[in-house]
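Single-letter residue listing:
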Amino acid sequence: NRYIRMKKSIRKIIQHSEVSEKVIEKYLMTRVREIGGVCLKYSNSNMTGYPDRLVCFPDGKTAWVEIKSKGKKPTRQQELRHEELRAVGQNVFVVDSRVLVDCVIKSWEEAK
């Protein structure tokens, strides 16, 4: 019984490691670096709710990326900030998986 609980616990840790915000963020940084871009961490203690990362693509285009753990959604404050950025022509993406990170990269590639 103890062995079964331990196995389930290990499985949960492995599953979480594939969908955690930290892992997805690292994947985003790696993918952006692979295409020659820069992935900046954005933090402003005076103005909360802005996306986690500002991606600077090699051709001068940019995108803001909000990173979430699998299945998590932005807060209302974050949604308001996303709307504010989009209203001034900024690209804003919310990603909660590696697949969605790849979609951000593909979106840029298709817009070139």
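Look above for the structure.
Now for a description of the structure that goes with this document. (Residues numbered from 1 in each chain as written. Predicted model: local features only at pLDDT ≥ 70, side-chain atom pairs only at ≥ 80, totals over all residues. Heavy atoms only, no water.)

Re the overall build of the protein chain
- The helix and strand inventory of the protein chain stands at four helices and four strands.
- Seen in sequence order, the protein chain has helices and strands lined up from the N terminus as α-α-β-β-β-α-β-α.
- Sorting the 112 residues of the protein chain into buried and exposed places 32% on the buried side. (Helix = DSSP H or I, 4+ residues; strand = E, 2+ residues; numbered from the N terminus. Buried < 20%, exposed > 50% of the residue type's maximum accessible area, 1.4 Å probe, protein only.)

Overview of the environment of Lys61
- Position of Lys61 among the secondary structure elements: in the loop between strand S2 (53-56) and strand S3 (62-67).
- For Lys61, a relative accessible area of 38% corresponds to the partly exposed category.
- Considered as a pair, Lys61 and Gln90 are 29 residues apart in the sequence and their alpha carbons are 9.6 Å apart.
- If sequence neighbours within four positions are ignored, Lys61 has contacts with Val55, Cys56, Trp108 and Ala111. (Contact = heavy atoms within 4.5 Å.)

A closer look at the pairing of S2
- Taken together, the four bridges between strand S1 (residues 38-41) and S2 define a ladder with antiparallel strand orientation. Paired with Leu40 across the two strands is Leu54, which belongs to S2.
- Judged from the four bridges that link them, S2 and S3 form a sheet pairing that is antiparallel. Among the inter-strand pairings, Leu54 is bridged to a residue of S3, identified as Trp64.
- With antiparallel pairing between neighbouring strands as the criterion, S2 and S3 make up a hairpin whose turn holds five residues, including Gly60 at a positive phi of roughly 95°. (Pairing = 2+ DSSP bridges.)

Here we look at the packing of helix H2 (residues 21-34) against helix H4 (residues 98-111)
- The interhelical angle for the contact between H2 and H4, taken along N-to-C directions, is 30°, at an axis separation of 9 Å. The orientation of H2 with respect to H4, classified from their angle, is roughly parallel. The two elements H2 and H4 meet at a crossing, and its hand is right-handed. Judged by residue contacts, Val23, Ile24, Tyr27, Leu28, Arg31 and Val32 of H2 engage Arg98, Val101, Asp102 and Ile105 from H4.
- A breakdown of the residues in the contact of H2 with H4 according to their chemical character gives seven nonpolar, no polar and three charged. (Axes fitted to C-alpha atoms, helices over the stretch in contact; angles between N-to-C directions. Parallel < 35°, antiparallel > 145°, perpendicular 65-115°, else oblique. Left-handed = near helix turned anticlockwise from the far one by under 90°. Nonpolar A, V, L, I, M, F, W, Y, C, P; charged D, E, K, R; others polar.)

As for the sheet that holds strand S4 (residues 92-95)
- Read across the sheet, four strands follow the order S1-S2-S3-S4 without closing on themselves; strand pairing throughout is mixed. Among the strands making up the open sheet, the edge pair consists of S1 and S4. On average, adjacent strands in this sheet sit at an angle of 30° to one another, irrespective of strand direction.

Quick look at the pattern of salt bridges
- Using the criterion set out here, one finds ten salt bridges in the structure.
- A salt bridge links Lys68 to Glu66; the shortest N-O distance between them is 3.9 Å. Neither residue differs from the other here; Lys68 and Glu66 are each classed as buried.
- Among the ionic pairs, Glu110 bridges to Lys106, the shortest N-O distance being 3.9 Å. In this pair, Glu110 and Lys106 both sit in helix H4, four residues apart, roughly one turn of the helix.
- You can call Glu110 exposed: its relative accessible area is 59%.
- Within this structure, Glu25, Lys41 and Arg53 form a network of salt bridges that share partners. (Salt bridge = Lys/Arg side-chain N within 4 Å of Asp/Glu carboxyl O.)

Any link to function would need more than the numbers given here.
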